[in-house]
Amino acid sequence: MEQSSSQRPLAARRAGPLSGRAQVPGDKSISHRALILGALAVGETRISGLLEAEDVVNTASAMRQLGATVVRDGAGAWRVSGVGVGGFSEPDNVLDFGNSGTGSRLVMGALATTPITAVFTGDESLRKRPMRRVVEPLALFGAEASTRDGGLLPLTLRGAEAAVAIDHEVAVASAQVKSALLLAALNAVGRSRISQKALTRDHTEKMLKAFGAEIAVEPLKDGGEAVTVMGEADLHATDIAVPRDPSSAAFPLAAALLVPGSEISIPDVLLNPRRTGLLETLTEMGANIAIENLRESGGETVGDLVVRASQLKGVEVPAERAPSMIDEYPILSVLAAFAEGRTVMRGLEELRVKESDRLSAIANGLKRLGVGVEELPDGLIVEGQGLDGVAGGARVTTHMDHRIAMSFLVAGMAARQAVTVDDTRMIATSFPEFETLMRNLGARFLVPNA
Ligand code: S3P
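In this report, the structure presented in the accompanying data block is examined.

Criteria and cut-off values
- Residues numbered from 1 in each chain as written.
- Predicted model: local features only at pLDDT ≥ 70, side-chain atom pairs only at ≥ 80, totals over all residues.
- Heavy atoms only, no water.
- Salt bridge = Lys/Arg side-chain N within 4 Å of Asp/Glu carboxyl O.
- Buried < 20%, exposed > 50% of the residue type's maximum accessible area, 1.4 Å probe, protein only.
- Near = heavy atom within 4 Å.
- Polar contact = N/O pair within 3.5 Å; in protein donor to acceptor, adjacent residues only side chain to side chain.
- Areas by Shrake-Rupley, 256 points an atom, 1.4 Å probe, with all protein chains shown as cover.
- Helix = DSSP H or I, 4+ residues; strand = E, 2+ residues; numbered from the N terminus.
- Nonpolar A, V, L, I, M, F, W, Y, C, P; charged D, E, K, R; others polar.
- Pairing = 2+ DSSP bridges.
- Axes fitted to C-alpha atoms, helices over the stretch in contact; angles between N-to-C directions.
- Contact = heavy atoms within 4.5 Å.

1. Considerations on the pattern of salt bridges
Okay, step 1: Under the defined criterion, the tally for this structure stands at 34 salt bridges.
Okay, step 2: Across the pair Asp357 and Arg352 runs a salt bridge, and its minimum N-O distance is 3.0 Å.
Okay, step 3: We classify Arg352 as partly exposed; its relative accessible area is 25%.
Okay, step 4: Between Glu355 and Arg358 there is a salt bridge, with its nearest N and O atoms 3.0 Å apart.

2. Comments concerning the site of the ligand
Okay, step 1: The environment of the ligand is made up of Ser29, Arg33, Thr102, Ala173, Ser174, Ala175, Gln176, Arg201, Ile326, Asp327 and Lys354.
Okay, step 2: Ala175 is positioned such that a nitrogen or oxygen atom in its backbone is 2.8 Å from an oxygen atom of the ligand.
Okay, step 3: A distance of 2.7 Å is found between an oxygen atom of the ligand and a side-chain nitrogen or oxygen belonging to Lys354.
Okay, step 4: Look at the ligand: alone it shows 380 Å² of surface, and the protein chains cover 95% of it.
Okay, step 5: Only helix H1 (28–40) and helix H5 (175–185) provide two or more residues apiece to the shell around the ligand.
Okay, step 6: The residue makeup of the shell around the ligand, split by class, is 3 nonpolar, 4 polar and 4 charged.

3. Quick look at the sheet that holds strand S23 (residues 417–421)
Okay, step 1: Spatial ordering of the open sheet is given by S22-S23-S1-S24, a layout of 4 strands whose pairing is mixed. On the outer flanks of this sheet lie strand S22 (392–396) and strand S24 (444–446), each paired with one strand and no other. Ignoring strand direction, the axes of neighbouring strands in this sheet form an average angle of 20 degrees.
Okay, step 2: Relative to S24, strand S1 (residues 10–13) runs antiparallel, the two being bridged by 3 bridges. Among the inter-strand pairings, Arg13 is bridged to a residue of S24, identified as Arg444.
Okay, step 3: Sheet contacts for helix H11 (residues 402–412): S1, S22, S23 and S24; angle to S23, the most-contacted strand, approximately 170 degrees.

Here is the structure:
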């Protein structure tokens, strides 16, 4: 792709050991859900530690457009006065979710059983992502969607009048689709049952319970699970403390593993077992990561991480672990490139429909850095070059994908020569303070000459 003048490229090069405390921002998944459930509840929900990144701010705006009162009191401190389940009013303008698959799909679910019409859109990346996976099962409740060809945004959704509960198995391994259906079920008559073979993140279920919904989770014989939720629900406002995002923590964590002599701490990280696949994999690779002060906070497990530079070895990552580390494969692939030996990652077809086609973006980026990599239809095989073996000295295309941008900047911190990413603007969708936080730990980032 030609570089457009509005792109913001950045280069990363080797520096001395990293040290300090990395206070990464609030969890993105929990932040979206806190705003949406707050808007569906009766009363005032107070949120602390909310992620104030573009994706979440777009969800906050959508909640306002649907009739909720959403107020920011200070850094991460927000209040939402909800309209009650079924109380959304018709927005008088398009709902624009920017880069966010989670925001757009969850809100489709939240209004699919309220008889109003809304138009959904997003940026160039989101307008390429599949929406049939959500609007088709929402049609079982009686919602009607009309999309662009191929099931793409912009789309118009007409919520169902008098929706009735459904029993449905979600075919894709997606927490977004499961969550959309659970949110829709809140305003249907009767008890809905939503099952899934994959054990995807369960923040919606946990938070629904905290807001007073009648919800139960039952393990299934095939290893999956079924969630039942009672419709015509009364949600009551509650306070939510958002833990720090493990998917954002992954970047300083990876940099500290790769830069010799580093030692950093990352406090208050969400350690929900559905989100800790990366930590499990890195432990198998020989990473020196200690978890301290493990505790429960607001129904979620939280802990402090202490990370020390480590020589990693390649591993085979079990395909069934993918849902618990689905957003971490870009940074894991970078770590694998600096490991000794080969890393095999499979079961990753979902990565083709993220903010970019991540399998192809990772493979192309690593090749440019001089790393042997094979792109499979559902995975990647990365040939580890050892700690000093990655050449770097290249420019990587990020395809409007925040995690590709951050992953390759981390690669540049350990490669023999600097790595440039073509655009850092999308980092603001999930981790606006990334650059400052990494520089404070000791990273060397430079703005390349035009
Ligand atoms: C998310 C679910 C995952 C993940 C995304 C956040 C969520 O997407 O990739 O970043 O908050 O439910 P899928 O549900 O499409 O796998």
